[in-house]
Amino acid sequence: MRYKNSTKSLILLFFFQLIISKNNAQGPATVYAVPKTPFLSQIIAFKQLNATINLSISTSPIPLQGTQLAGNAQQLIKQGQDIFIFIAQTGFIYKLSGSDSTNYIFKRIDNTVNLNY
């Protein structure tokens, strides 16, 4: 009897881990290389700007096409020299962490795991 319960528990654990890994695979990446655009470059140039900007689909830097978050709006939050991208209804926040010659690098800074917001 004890053996049967542990086998059932192991099978159940396997399926839970499979479901969890599938859900994590569908979410957005933790780092994005976003092409340098005139819009982002201009916002970065304003060193002391404190503002929240609702982005349109054409100016949204984080590419969400093909993910379960494709319909979520994005907000750019500028606080002095820090720039953040917030994905609405998720709790996901990305911070500008650097750049190279053609891209800005945004890294996810939150630990949100639940998308039921």
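In case you missed it, the structure is sitting above this.
Structural notes, computed from the coordinates. Remember, predicted model here, so these are calculated numbers, not experimental data.

So, on to the packing of aromatic side chains. Within the structure shown, the criterion is met by one aromatic pair. Their ring planes at 65 degrees and their centres at 5.6 Å tell us that Tyr32 and Tyr94 sit as a pair that is edge-to-face. Here Tyr32 is found in strand β1 (residues 31-35), whereas its partner Tyr94 is found in strand β5 (residues 92-99), with 62 residues between them in sequence. Each member of the pair, Tyr32 as well as Tyr94, is classed as buried.

Turning to helix α2 (residues 38-45), its buried residues are Leu40, Ile43 and Ile44. Looking straight down α2, one finds that the buried residues subtend no more than 100 degrees of arc, so they occupy a single side. The secondary structure elements touched by the buried residues of α2 are β1, β2 (50-55), β3 (74-79), β4 (82-87), β5 and β6 (103-108).

Let's shift gears to the environment of Tyr94. Given a relative accessible area of 0%, Tyr94 falls into the buried group. With twelve residues separating them along the chain, Tyr94 and Phe106 place their C-alpha atoms 5.6 Å apart. For Tyr94, the residues in contact, after removing those within four places along its chain, are Pro28, Ala29, Thr30, Tyr32, Ile62, Ile83, Phe84, Ile85, Ile87, Phe106, Lys107 and Arg108. At a separation of 2.7 Å, a polar atom in the side chain of Tyr94 contacts the main-chain carbonyl oxygen of Ala29.

In total, this model carries two salt bridges according to the counting rule given. The partner of Lys95 in a salt bridge is Asp82, and the shortest N-O contact between them spans 3.8 Å. Of this pair, Lys95 sits in strand β5 while Asp82 sits in strand β4, and the two are 13 residues apart along the sequence. According to the relative accessible area criterion, Asp82 is partly exposed, its value standing at 33%.

With 18 residues, the main nonpolar core has Ile62, Leu76, Ile83, Ile85, Tyr94 and Phe106 as its most contacted residues. If you list the elements that add at least two residues to this core, you get β1, α2, β4, β5 and β6.

Every regular strand shows the same layout, with side chains that alternate between the two sheet faces. Only one face of β3 is buried, namely the one carrying Gln74, Leu76 and Lys78, since none of Gln75, Ile77 and Gln79 on the opposite face is buried. Direction of pairing for β2 relative to β3: antiparallel, over a ladder of six bridges. Paired with Asn50 across the bridge in β3 is Gln79. Of the strand pairs in this sheet, β3 and β4 are connected by six bridges, and their pairing is antiparallel. For Gln79, the partnering residue across the bridge sits in β4 and is Asp82. Between β3 and β4, which pair antiparallel and follow one another directly, the connecting turn spans two residues, one of which, Gly80, has a positive phi of 65 degrees.

Calculation rules
- Residues numbered from 1 in each chain as written.
- Predicted model: local features only at pLDDT ≥ 70, side-chain atom pairs only at ≥ 80, totals over all residues.
- Heavy atoms only, no water.
- Phe/Tyr/Trp six-rings, centres within 6.5 Å; stacked < 30°, edge-to-face > 60°.
- Helix = DSSP H or I, 4+ residues; strand = E, 2+ residues; numbered from the N terminus.
- Buried < 20%, exposed > 50% of the residue type's maximum accessible area, 1.4 Å probe, protein only.
- Arc of directions from axis to C-beta.
- Contact = heavy atoms within 4.5 Å.
- Polar contact = N/O pair within 3.5 Å; in protein donor to acceptor, adjacent residues only side chain to side chain.
- Salt bridge = Lys/Arg side-chain N within 4 Å of Asp/Glu carboxyl O.
- Core = buried A, V, L, I, M, F, W, Y, C linked by side-chain atoms within 4.5 Å.
- Pairing = 2+ DSSP bridges.

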